[in-house]
Structure formats: structure tokens, C-alpha cells
Protein chains: 2
Amino acid sequence: MARNKHPEETVSLILDVSYRLFMEKGYERTSIQDIIDNLGGLSKGAIYHHFKSKEDILVAVTDRMTSQSNNILAYIRDQKDLNGQEKLKKIFKDSIMRPVQDEIFTVAPDLHDNPRLLFSILRETMDEAAPNYILPIIMQGIGDGSIQTEHPKALAELIMLTANIWMNPMIFDNTPEEAYEKFMIFGQMMKGFGLDVLDDELLKRLQELAVLYQKNK
Amino acid sequence: MARNKHPEETVSLILDVSYRLFMEKGYERTSIQDIIDNLGGLSKGAIYHHFKSKEDILVAVTDRMTSQSNNILAYIRDQKDLNGQEKLKKIFKDSIMRPVQDEIFTVAPDLHDNPRLLFSILRETMDEAAPNYILPIIMQGIGDGSIQTEHPKALAELIMLTANIWMNPMIFDNTPEEAYEKFMIFGQMMKGFGLDVLDDELLKRLQELAVLYQKNK
DNA sequence: TTTTTGATACCGAACGACGGTATGTAAAAG
DNA sequence: CTTTTACATACCGTCGTTCGGTATCAAAAA
């Protein structure tokens, strides 16, 4: 294979292929050879030139996965015209209202049997997303009076754990009824913390999604 | 190595060694050869006679880990003289008051970098423990009036996810302050669901444990 | 303008370690 | 005495990773 003038394209290709295979077959059941076979002529040397290990590819893949949603979180976090509670509400609204043509639904990824990838996402959610995006919003909410809590850090973690992990259909696959139950319990929980982030519009949309997701399996 | 008249002892030995190594080095970084080297003369044939794969050993190890606490859960679940809410409270009390000489503290297990084992425990917690132990208690509570919820299944999952995973120092290592924060938020959450499972005695004990755990690291 | 040089992109054979299997053997069980 | 069980051991294919090498390119030197 000829040398590529734009090596980022090669990197990007490796990540595309790896992402797909990791989702389809799981990280551990995807071999380097599998990746090579889907690279269209590139070799083992190419991979190990751009990545120092298979694990390194996993990190890059998860980074790319999470950076999308992290960008949205960062955008909302940094908005000037909303108070803390409104920002939280907007986050849930946006994450649920996002169009269905997501990668999510084209590959129908299933972390149900993908320990390494799930682990990666869990760590990123709890160690990065919670403190960097949710926590600042809660702190703002405390300042502007829209959120009351004495334990902002733990609250941020709890919210992310439930919303991003527990309610994530990629991780725990739910029937529409289960998804509905989780959503209601989540809403109740948030209300218990004085956070009113749910409304009927959201609920309706969520039910549509649950049905759609089931169909795509 | 001579043939053992009581093969259960060999099985048990393999599990002991595997458990220790899985905890010390992580499942993926523990090779079959590592296990053999710690078996005191037994060979690969012995392992593959009693277990069909490395994965199979992992399953057996996690089963043994969780069966202990599951027994306690089952015992409380089946008690006759407590209502639902009292049983929930007893569960938290018992799990926190258990003596420190647990395996937990002798090996100081750390699932922080042990995806497969964490995954195993997560699945067992959500797919087995929640529906088989917590859910029946909640159902009883609904019947006897001590618990009110329209979504018992989701509530059971949420409780287990937070209590067994999020607050588990093996999985998320906390400073004493963080452990305290989590505990308080958890209590608040439970209160939001009308569940009064915390008191000062528990809180005090938890803080002691958090300090102890930190020391043992 | 041509040549040199050094960095970068990629190739592919080879390696050691791994999980798993096939076959053998001897002790226990029946 | 026969069958089953509890192991031992040699071996296999696959895996992730390494490494010596080549081709290509841009920029500096001639």
C-alpha cells in the first residue's frame, strides 16, 4: 500500500474499522488481524506505527465516542443565559431529542457482552464527565439558588451513573416498559433532590425511542 | 501430584488461588500458567479437568464471592417478623456492620483495573441480586404499606446499582470524605422514595470503615 | 536545479506467551 | 477385573507485539 500523504486519514480509518468491529464482535473477540482484514490493504505495521497497542486503539475509540456527547455537555455548561437547574434539564432534553440516525442505531451497539468497552465508558463517565461537566453546573446551581445540595460531587456522580449508564440501552437493554419504569424512577429521584428535569414531552419521546431501539435489534 | 480422594478440595484450591490472583493482578493479567504455579504441584490437566475454560473459573469465582452476601440477602428477605422497609434497613445495617476481617480487607481487592471481574459483579448485581432479593422485599413493602412505588423493579435496580456498585470501595475508591458524601446522597435519595434506612449509628460506622479501608491500601 | 538527508508511513516475517486440546496413566470405584 | 475419575504432559493454533527493512516525501545543501 502506498504511503498516505494525510496520515490522519489512516488513523481515522483504523479507528472507524476498530469501532465497528469492537461494537459488532466485542473488543476482546476482535483481533488485530480482524482489523487488518478490514483495512483495505493496510498492514500490521501501519497499525503499530500509529498506535502503540490494541489497548491504545480502544482508548482512542472511546475518546472519539465520548467526545461527541462531551462537546454537547461543554456547550450547555458554558451557556450564559441559563441557571443550573435549567442546564440540567436541557442536557436530558438534548440527549433524548437527538435524531435517531445516530451511529447508535446504525450499528446497534451492544455493550452487554463487551466488558472492556463498557469499563472504558464507565470510567470516562464517572471520572471525566461527572466532575468536568455536571459538577460545574451543580455548583452554578448552588450559587444561583436553583439547586440545593451539600454534596455536589456525589450528586453529579449519581446523576451520571443513573442517566448515562443505567438508562443507557447500549449497556442495559430494556423492554419499552422497563425503559419507561427507569425513566419514571429517575424523574422521581431527581425530584427528590429538588430537580425538576422531566416533562410529558420528554416522556413521550423516550417511549418512541424505546420502541425504535427494540425494533433495530 | 497424586490423585486426590476428595476432588472438591482440588476445585476449592483452584478457586482460592484464582480468586487471589484475579484480585491481585486482575483477571486478564492472570494466566493459566500463573494459576498452575500457585497450585503446589498440580498441572494444567487438573484445571481443565475441573473447569472448561478460564472464563469458567471466573464465573465460579464470582459466584463464590457473591453467594456469601446473597445468603444474607436471602435470609433477610425470608424473615417473617419484619415489614418491607425494615428489611431494607436491615440489609444496609448488616452490610455495613459486618466485621472488618472480611476477605475484602485481607486481600484489599481493587476492581479499579479489573474490567472482567467488575463486569461479572455488575451483571450479577443487576440481573440476579436486584430481582431475586431486593424486588421481593419491595413487593412485600408495597403489600404491607411500608413502601410506596409504582415501579418496584426499577427501584430495586437503582438501589442495588447505587449501594452495591457506586458505594463499593472495591470498585470506586473513595477518600473518607467522598464515602461520606456518597452515603449522605444515598440516604437523601432513599428518603426521596419514602425510605428511611439511615441513622446516626450507621453513619458513624461508615466513617470508621472508610478510614480503615484507606489505611489498608 | 539537482542532490542529500532525515523523518515519516508502511510492510511483513518472526517471536514468545497465551488459552485450549489430545492423549496417556494410574489410582479409585464398582 | 473393568470402568470411571483425577490428574500429567506434550502439543497446537492464535494472539499481540517487535523489529529490520523499504518507499516516499519535504526541506536543506550543493
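**Quick word on the interface of chain B and chain A**
Then, number 1: Across the boundary between the two partners, chain B contributes 35 residues, which contact 35 residues of chain A.
Then, number 2: Scanning the region where chain B abuts chain A turns up six salt bridges.
Then, number 3: Between E157 of chain A and K182 of chain B there is a salt bridge, and its shortest N-O distance comes to 3.7 Å.
Then, number 4: On inspection of chain B and its partner chain A, the count reaches 10 residue pairs in polar contact (both at pLDDT 80 or more).
Then, number 5: Within the residue set of the side of chain B that touches chain A, elements represented by two or more residues are helix 7 (115–144), helix 8 (152–166) and helix 9 (176–192) of chain B.
Then, number 6: For the side of chain B that touches chain A, the class distribution of residues is 19 nonpolar, seven polar and nine charged.

**Some words on the relation of the copies chain B and chain A**
Then, number 1: Mapping chain B onto chain A leaves a residual RMSD of 0.0 Å; the transformation is a rotation of 180° accompanied by 0.0 Å of translation along its axis. Read as a symmetry element, the transformation amounts to a two-fold axis. Relative to the rotation axis, the C-alpha of G192 of chain B is the closest in chain B, positioned 2.2 Å from it.
Then, number 2: In this assembly the copies share their binding face: 100% of the residues contributing to the interface of chain B also contribute to that of chain A.

**Focus: the protein's contact with DNA strand D**
Then, number 1: In the vicinity of DNA strand D lie 22 residues, with R3 and I32 of chain A together with R3, P7 and S43 of chain B positioned nearest.
Then, number 2: Counting only atoms of DNA strand D within 4 Å of the protein, the fraction found in sugar and phosphate groups is 66%.
Then, number 3: Between a phosphate oxygen of DNA strand D and a main-chain N or O atom of N4 of chain B, the distance comes to 3.3 Å.
Then, number 4: Listed by contribution, the elements that provide at least two residues to the surface near DNA strand D are helix 3 (44–50) of chain A together with helix 1 (7–25) and helix 3 (44–50) of chain B.

**Let's talk about helix 4 (residues 54–77) of chain A**
Residue and element names in this part refer to chain A.
Then, number 1: An ideal rise of 1.5 Å per residue puts 34 Å on 24 residues; helix 4 measures up with 34 Å between its terminal C-alpha atoms.
Then, number 2: Within helix 4, the axis deviates most sharply at S67, by approximately 35°.
Then, number 3: Every buried residue belonging to helix 4 is among K54, I57, L58, A60, V61, T62, M65, T66, N70, L73, A74 and I76, and all of these are buried.
Then, number 4: Among the structural elements, helix 1 (7–25), helix 2 (32–37), helix 3, helix 5 (84–97), helix 7 (115–144) and helix 8 (152–166) are those in contact with the buried residues of helix 4.

**Side note on the environment of R77 of chain A**
Residues and elements named next belong to chain A.
Then, number 1: Take R77: it is sitting in helix 4.
Then, number 2: Taking the C-alpha atoms as reference points, R77 and G141, separated by 64 residues in sequence, lie 11 Å from one another.
Then, number 3: Dropping the residues within four chain positions of it, R77 is found in contact with K87, N132, Y133, P136 and I137.

**What about the packing of helix 7 of chain B against helix 8 of chain B?**
Residues and elements named next belong to chain B.
Then, number 1: At a closest axis distance of 8 Å, the pairing of helix 7 and helix 8 adopts a crossing angle of 125°. By the criterion of interaxial angle, the relationship of helix 7 to helix 8 is oblique. Crossing of helix 7 over helix 8 shows right-handed handedness. Each of I121, L122, T125, M126, A129, A130, I134, L135, I138, M139 and I142 in helix 7 lies in contact with helix 8, whose residues at this interface are P152, K153, L155, A156, E157, I159, M160, L161, N164 and I165.
Then, number 2: Classifying every residue of the contact of helix 7 with helix 8 by side-chain character gives 17 nonpolar, two polar and two charged.

**What to know about the environment of I47 of chain A**
Then, number 1: Mapped onto the fold, I47 of chain A is located in helix 3.
Then, number 2: Not counting residues up to four positions away in its chain, the partners in contact with I47 of chain A are I14, I32, I35, I36, L39 and I57 of chain A.

**A closer look at helix 1 of chain A**
Residues and elements named next belong to chain A.
Then, number 1: Helix length check: helix 1, at 19 residues, gives a terminal C-alpha distance of 27 Å against a target of 27 Å (1.5 Å per residue), a fit within 8%.
Then, number 2: Of all the residues in helix 1, the buried ones are T10, I14, L15, V17, S18, Y19, L21, F22 and M23.
Then, number 3: Phi turns positive one or two residues past the end of helix 1, at G26, with a value near 90°.

**Here's the deal with the pattern of salt bridges**
Then, number 1: Scanning all chains against the criterion turns up 26 salt bridges over all chains.
Then, number 2: A salt bridge links K89 of chain A to D199 of chain A, with the shortest nitrogen-to-oxygen separation between them at 3.6 Å. Linking K89 of chain A in helix 5 with D199 of chain A in the loop between helix 9 (176–192) and helix 10 (200–215), this pair joins segments that are 110 residues apart in sequence.
Then, number 3: Linking D34 of chain B and K25 of chain B is a salt bridge whose minimum nitrogen-to-oxygen distance equals 2.9 Å.
Then, number 4: On the basis of relative accessible area, K25 of chain B is assigned to the partly exposed category, the value being 31%.
Then, number 5: Linked by salt bridges that have partners in common, K153 and E157 of chain A together with E178 and K182 of chain B make up one network.

**Brief notes about the domain arrangement of chain A**
Residue and element names in this part refer to chain A.
Then, number 1: As assigned here, chain A comprises domain 1 (1–51) and domain 2 (53–215).
Then, number 2: In this structure, domain 1 and domain 2 have C-alpha centres spaced 30 Å apart.
Then, number 3: Contact residues are listed per partner, giving 18 residues for domain 1 and 20 residues for domain 2.
Then, number 4: A combined buried area of about 1800 Å² lies between domain 1 and domain 2, and 67% of that area is made up of carbon and sulfur atoms.

**With respect to the packing of aromatic side chains**
Then, number 1: For the coordinates displayed, the defined rule picks out four aromatic pairs over all chains.
Then, number 2: Here the aromatic rings of F92 of chain B and F186 of chain B are separated by 5.2 Å at their centres, their planes lie at 65°, and the arrangement is edge-to-face. Of this pair, F92 of chain B sits in helix 5 (residues 84–97) while F186 of chain B sits in helix 9, and the two are 94 residues apart along the sequence. Of the two residues examined, F92 of chain B and F186 of chain B, each falls in the buried class.
Then, number 3: The residue whose ring lies beneath K54 of chain A is Y27 of chain A, and the NZ or CZ to ring-centre distance is 4.4 Å.

What counts and what doesn't
Residues numbered from 1 in each chain as written. Chains lettered and ligands numbered in written order. Predicted model: local features only at pLDDT ≥ 70, side-chain atom pairs only at ≥ 80, totals over all residues. Heavy atoms only, no water. Contact = heavy atoms within 4.5 Å. Salt bridge = Lys/Arg side-chain N within 4 Å of Asp/Glu carboxyl O. Polar contact = N/O pair within 3.5 Å; in protein donor to acceptor, adjacent residues only side chain to side chain. Helix = DSSP H or I, 4+ residues; strand = E, 2+ residues; numbered from the N terminus. Nonpolar A, V, L, I, M, F, W, Y, C, P; charged D, E, K, R; others polar. Least-squares fit on C-alpha atoms with pLDDT ≥ 70 in both. Near = heavy atom within 4 Å. Expected span 1.5 Å × (residues − 1). Bend = angle between axes of the 7 residues up to and from the residue. Buried < 20%, exposed > 50% of the residue type's maximum accessible area, 1.4 Å probe, protein only. Axes fitted to C-alpha atoms, helices over the stretch in contact; angles between N-to-C directions. Parallel < 35°, antiparallel > 145°, perpendicular 65-115°, else oblique. Left-handed = near helix turned anticlockwise from the far one by under 90°. Domains from an automatic or database assignment. Buried area = accessible area lost by both parts, 1.4 Å probe. Phe/Tyr/Trp six-rings, centres within 6.5 Å; stacked < 30°, edge-to-face > 60°. Lys NZ or Arg CZ within 6 Å of the ring centre and 35° of its normal.

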